[in-house]
Amino acid sequence: MITPGRRAKRMSAGRSRRAARVRGAQVAAMVSLPVLPLAWFVALQEHPPWMPGAYLGYLLVVIVVPGTMFWRRLTGGTGWFTTDVVLGTAFGLAVEALLYPIGMVFRMPFAALVMPALAFGMYRALPRRELPERPTPWWATAGVMVVVGVAAAWFVRVGSQLIPLNGPSALRPNSDAPHNLALAAELTHHFPPKIPYADGRWVTNHWAAYDHLASSHWLTNIPLDVLTHRIAPFAWILLTVLGAAAVGMLLTGRAVAAPIAAGLTVVAGDLTAWPWAVSDRVLTESPFSLGQLTNPPQAFSTVLLLPLIAVTTLLLRRKPGQTRGQLFRLFVTAGVLIAALALTKATTLPIYAAGLAAAWIYLTVRAGRLNLRALVLGVSVAAAYVLTFFVVLGGAPSSVVFKPGTTFDQLADRMGGGSAVAVIGAVVVLGWVMPAVGALLIRRRVHRDPMPVFLVAGFLAALVAAAVLSDDGLTQLFFVRTGFIYGVLLATWGLASLERRQFAIAAVALLIGVAAIYWGRYRSDDTCTSANCFGQGPVVALVIAAIGIGVFGLVLRGSRRTWALIAVAVLLGTTVSPTVVSLRKFATPPLTEYESIAPGGIDAARFIRRNSGSDDLIATNLHCHRARASHCLTGSYWISGYAERRVLVQGWAYQTRVDDTYPDGVQSKYWDEETLRLNDEVFTDPTRDKLETLRTKYGVQWLLLDERVSAPPKDLDRLTELRFQYGSVRVYQLYPPPPANPFPSQSPSPTGTPSQTPGFPTGTPGFPTSPGLPTGSLPTGGPPTESVTPTFPTGPVPTQITTTPGFPSP
């Protein structure tokens, strides 16, 4: 007989053992956590250590800690502290994206520094909600850290090589990289933003991702190109991996979902990565795809979408005892994320709205009454979209049109004819659907849980949108890239629903799928150009997968549940190999065969940045992506990106691919032909009147001439001052005309050699900014072939420098 005393001793001993296990798990988790900062510095080893260190410090102090405090006070937390930290970090980025523009309106680019104070005030003001904290098992944390290490290794090998920052290769980017840099530079110095490479119109792109780049540029002093092409993309990849793990734990209620979700985010893909598909930009849709790495809005939207899915889960899963105040704070959290996403990417909220509509119908039908929570979220999405369209985008029409099958038609045209459209469409759609088969294994842990319906509907909406919409630049594929994370969560939920003894079976089945797809790819030839062989590889892979399912199932002699597990795991395994193989193709940077950036151009642009105000305007004779091309793609943007200044007219074809095949010679006409004519005449037949019109009417202070386009006219040296010359680039500065009386009795302006006005930006520390000695960082195109010497105007000495003051660049 057990006495009450002995029972109490046993209970106390049990609590002690559980506490010891919790402490052991925490210690083990802490031991594995240093992998995260180690992977961070290893992946960014090509840069001076202070750069990744400064960004990491900024992220921790300004984003992670305040964001976690915001998240836990507003949502009440998820029950896992590690999950709250990851989701809170993403929420902090959303707050920063909304706060930075407000600060820029009042010319306070350091507005993000108020986030710690706001978070502390909210932490003290709102009541604390005691939640039972569940420790994350050490093996779950360790598994996620292993995936982080794999991501860092991949970034060193492939991701950091896609956009060269130095050397001759940096002069040969496609149009995407300079375009992103130009928008980041514009948001760094101006708000509301205008088109920086063709001054005069408002930006009609979604720009919230560039808010983070601009804010971190101001607060860390890291060069903007390093942030745009290296540090921020890698940070967003890691946050996507960690965010998928966090949301997977929340959806399933099991810690095993964390390493599964993180692993699938890294290695899973789809069947579209066959050689003929990769060659035409129908790429894998994981965070490691080319579209994610070269499109900051897409990567940033994935990071913000994960906490929105999490807070949607907390709202639609009704918890007992939830007060109106708690419900209101959840809606506030969702509203912040919806607003940030509306400003980030146009393809994200429609997919979320489709899933939300399906969940609302499901809940309404099941309960027999209108579900107000999903309805309020839906109205919030609609309001955010309407405000963004009319206020932010100015009602500009989208280039995406309803044209079913165009995605597959473009592939068929490239592969040799329209007869292959049906086969190509079937293969691609089959690959898109495959990651979602994990939904067949889902066992819901919450009664009337709408989240499986939400994820499935959102995933299918992404696939349908990519198949029925069309755009010249294939931007409809970003719907699939957004839907990828839905497929990962569905597969994670299904695999995490397994019992312990079933994980070994799932692992073997996954390997069978990997082997099947590898053999299928081996059978697929890069020279395939007919409809007869487009489907050969996938058919071979699926036949081998079916044989593997049958043999493995017969060996185990399992139940229906076991057969379903084997089939689903094998099909999920087939999505791994295409991603790995296609990543090898990305190891070669997608550069042009020609120098789209002028030799010496990067140094010239940086010289202007160091010696000008933020409101200074540049004019240039370069408009084509390829200088003096017979078919001109007017998609050149690098001057505004590296100079961080607006350009009167450089390029204006910011929504079209680089292929130089336009039949009319020039891709499209500029919307202001008079401005373009005056701009070009200054570089071919300059006169004092033309230069004065350019300076007074349009506000141009600098001229950047590319000798590959036209030789510098002799009168330009006489009428302006040559400030910088290197490679094929010359930089001139415009001044007012000399006074009529060469010897005035009294002059308010300084005379003699031009000097900078008070308050003139000093530029980057460590670089001289004297007007006659243009020095700076080593040129990107290699060692200089001639020395750079001071230059002086041949005409009358100017009486003053006409540089528009503005707050200096970081």
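Residues numbered from 1 in each chain as written. Predicted model: local features only at pLDDT ≥ 70, side-chain atom pairs only at ≥ 80, totals over all residues. Heavy atoms only, no water.

Let's shift gears to the overall build of the chain. Scanning the chain from N- to C-terminus turns up 30 helices and seven strands. Contacts in the chain between residues far apart in sequence, at least 24 positions, make up 79% of those at least 6 positions apart. Carbon and sulfur atoms make up 63% of the accessible area of the chain, which totals about 33000 Å². (Helix = DSSP H or I, 4+ residues; strand = E, 2+ residues; numbered from the N terminus. Contact = heavy atoms within 4.5 Å. Areas by Shrake-Rupley, 256 points an atom, 1.4 Å probe, with all protein chains shown as cover.)

Moving on to the nonpolar core. General note: in soluble globular proteins, nonpolar side chains tend to be found buried as a group. Grouped together as the largest cluster of nonpolar side chains are 217 residues, with contacts concentrated most on Trp236, Tyr486 and Leu703. Per-element tally for this core: the top contributor is helix H9 (residues 224-252), with 20 residues. Residues within four places of tyrosine 486 in sequence aside, it is in contact with Leu305, Ile309, Ile351, Tyr352, Phe454, Leu455, Gly458 and Phe459. (Core = buried A, V, L, I, M, F, W, Y, C linked by side-chain atoms within 4.5 Å. Buried < 20%, exposed > 50% of the residue type's maximum accessible area, 1.4 Å probe, protein only.)

This part covers the side chain of threonine 75. Relative to the helices and strands, threonine 75 resides in helix H3 (residues 50-75). There is a polar contact of 2.5 Å between the side chain of threonine 75 and the backbone oxygen of tryptophan 71. From its side chain, threonine 75 meets the backbone nitrogen of glycine 77 in a polar contact 3.2 Å long. (Polar contact = N/O pair within 3.5 Å; in protein donor to acceptor, adjacent residues only side chain to side chain.)

Okay, helix H2 (residues 35-43) next. Every α-helical turn comprises 3.6 residues, leaving residues that sit three or four positions apart pointing alike. All buried positions along H2 are accounted for by Ala39, Trp40 and Ala43. Seen along its axis, H2 keeps its buried residues to an arc of 105 degrees; they face one direction. Looking at the packing, one finds that the buried side of H2 touches H3, helix H6 (138-157) and H9. (Arc of directions from axis to C-beta.)

Within the structure shown, the criterion is met by one disulfide. Each sulfur of the disulfide joining cysteine 624 and cysteine 632 lies 1.9 Å from the other. Of note, the bridge from cysteine 624 to cysteine 632 carries an S-S torsion of about -110 degrees and is left-handed in sense. As far as burial versus exposure is concerned, cysteine 624 and cysteine 632 are alike and both buried. (Disulfide = S-S within 2.5 Å.)

Burial along strand S3 (residues 617-620) is two-sided: Leu617 and Ala619 and Ile618 and Thr620, pointing in opposite directions, are all buried. When S3 meets strand S4 (residues 646-647), the two strands line up parallel, connected through two bridges. Opposite leucine 617, over in S4, you have arginine 646 as the bridge partner. Note that the unit made of S3, helix H27 (residues 638-643) and S4 has a crossover that is right-handed. (Pairing = 2+ DSSP bridges. Right-handed = clockwise from strand over helix to strand, strands pointing away.)

Moving on, we get to the environment of leucine 474. Relative to the helices and strands, leucine 474 is located in the loop between strand S2 (469-470) and helix H20 (477-496). Using a relative accessible area of 4% as the deciding quantity, one classes leucine 474 as buried. Between the C-alpha atom of leucine 474 and that of glutamine 410, which follows or precedes it by 64 residues, the distance is 9.1 Å.

A cluster of nonpolar side chains, namely Val539, Val543, Ile547, Val551, Val555 and Leu556, defines an oily patch on the protein surface of about 520 Å² accessible area. For leucine 556, the location among the structural elements is in helix H23 (residues 536-556). Here leucine 556 falls in the partly exposed class, since its relative accessible area comes to 34%. (Patch = residues over 30% accessible without salt bridge, like charges linked within 9 Å, V, L, I, M, F, W, Y side chains within 5 Å. Salt bridge = Lys/Arg side-chain N within 4 Å of Asp/Glu carboxyl O.)

A separate point is the environment of methionine 104. For methionine 104, the position within the fold is in helix H4 (residues 81-105). A relative accessible area of 4% means that methionine 104 is categorised as buried. In sequence terms methionine 104 and histidine 190 are 86 residues apart; their C-alpha atoms lie 7.1 Å from each other.

Another point: the packing of aromatic side chains. Tallied over the full model, the rule gives 19 aromatic pairs. One aromatic cluster in this structure is built from Trp40, Tyr55, Tyr58, Trp154, Phe155 and Phe234. The positively charged end of arginine 481 is found above the aromatic ring belonging to phenylalanine 478, 4.8 Å away from the centroid. (Phe/Tyr/Trp six-rings, centres within 6.5 Å; stacked < 30°, edge-to-face > 60°. Lys NZ or Arg CZ within 6 Å of the ring centre and 35° of its normal.)

Attention shifts here to unusual backbone geometry. The peptide bond linking phenylalanine 191 to proline 192 adopts the cis configuration, its omega dihedral lying at 0 degrees. With respect to the helices and strands, proline 192 occurs in the loop between helix H7 (176-189) and helix H8 (208-220). Here asparagine 221, not a glycine, exhibits a phi torsion of approximately 65 degrees, which is positive. Inspection of the secondary structure assignment puts asparagine 221 in the loop between H8 and H9. Exposure remark for asparagine 221: the relative accessible area of 32% places this residue in the partly exposed category.

Attention now goes to the pattern of salt bridges. Scanning the entire structure with this criterion turns up 16 salt bridges. Across the pair arginine 501 and glutamate 499 runs a salt bridge, and its minimum N-O distance is 3.4 Å. With relative accessibility at 59%, the residue arginine 501 sits in the exposed group. The shortest N-O distance in the salt bridge between glutamate 692 and arginine 695 comes to 2.9 Å. Separated by three residues within a single helix, glutamate 692 and arginine 695 lie in helix H29 (residues 688-696), roughly one turn from each other. Here glutamate 692 and arginine 695 have matching classes, each one buried. Residues joined in a network through salt bridges with shared partners are Arg677, Glu681, Asp685 and Lys690.

Right, let's talk about a positive patch on the surface for a bit. Residues Arg318, Arg366, Arg369, Arg444 and Arg448 make up a contiguous surface patch of positive charge. Inspection of the secondary structure assignment puts arginine 366 in helix H15 (residues 348-367). Arginine 366 sits in the partly exposed class, given a relative accessible area of 37%. (Lys, Arg positive; Asp, Glu negative; His and termini not counted. Charge placed at Lys NZ, Arg CZ, Asp CG, Glu CD.)

To continue, consider the sheet that holds strand S6 (residues 721-726). Spatial ordering of the open sheet is given by S4-S3-S5-S7-S6, a layout of five strands whose pairing is mixed. Both edges of this open sheet fall to S4 and S6, since each of them pairs with a single strand only.

Right, let's get into the packing of helix H14 (residues 324-342) against helix H16 (residues 372-392). Relative to each other, H14 and H16 sit at 30 degrees, their axes nearing to 10 Å. By the angle class used here, H14 and H16 are roughly parallel. Crossing of H14 against H16: the hand is right-handed. In this structure, H14 contributes Leu327, Phe331, Ala334, Ile338 and Ala342 to the contact, and H16 contributes Arg373, Val376, Leu377, Ser380, Val381, Ala384 and Thr388. Split by residue class, the contact of H14 with H16 holds nine nonpolar, two polar and one charged. (Axes fitted to C-alpha atoms, helices over the stretch in contact; angles between N-to-C directions. Parallel < 35°, antiparallel > 145°, perpendicular 65-115°, else oblique. Left-handed = near helix turned anticlockwise from the far one by under 90°. Nonpolar A, V, L, I, M, F, W, Y, C, P; charged D, E, K, R; others polar.)

Here helix H24 (residues 560-573) spans 20 Å end to end across 14 residues, near enough to the 20 Å set by a 1.5 Å rise per residue. Considered for burial, the residues of H24 that qualify are Thr562, Leu565, Ile566, Val568, Ala569, Val570, Leu572 and Gly573. (Expected span 1.5 Å × (residues − 1).)

Okay, the packing of H4 against H9 next. Close contact between H4 and H9 brings their axes to 9 Å; oriented N to C, the two are set at 130 degrees. Between H4 and H9, the interaxial angle falls into the category oblique. Crossing handedness for the pair H4 and H9: left-handed. Together, Thr83, Val86, Leu87, Thr89 and Leu93 of H4 and Trp236, Leu239, Leu242, Gly243, Ala246, Val247 and Met249 of H9 make up the contact between the two elements. Its residues placed into classes, the contact of H4 with H9 shows nine nonpolar, three polar and no charged.

Further remarks concern the confidence of the model for the chain. Scored by pLDDT, the chain comes out at a mean of 82, with 78% of its residues at no less than 70. Low confidence marks residues 279-283, where pLDDT is under 50. Its contacts with residues over four positions away, or in another chain, come to 23 contacts. (pLDDT = per-residue confidence, 0-100.)

Tracing the chain through its elements places serine 728 in the loop between S6 and strand S7 (729-733). Not counting the four nearest positions on each side in its chain, serine 728 is found in contact with Ala598, Pro599, Leu705, Asp706, Glu707 and Arg708.

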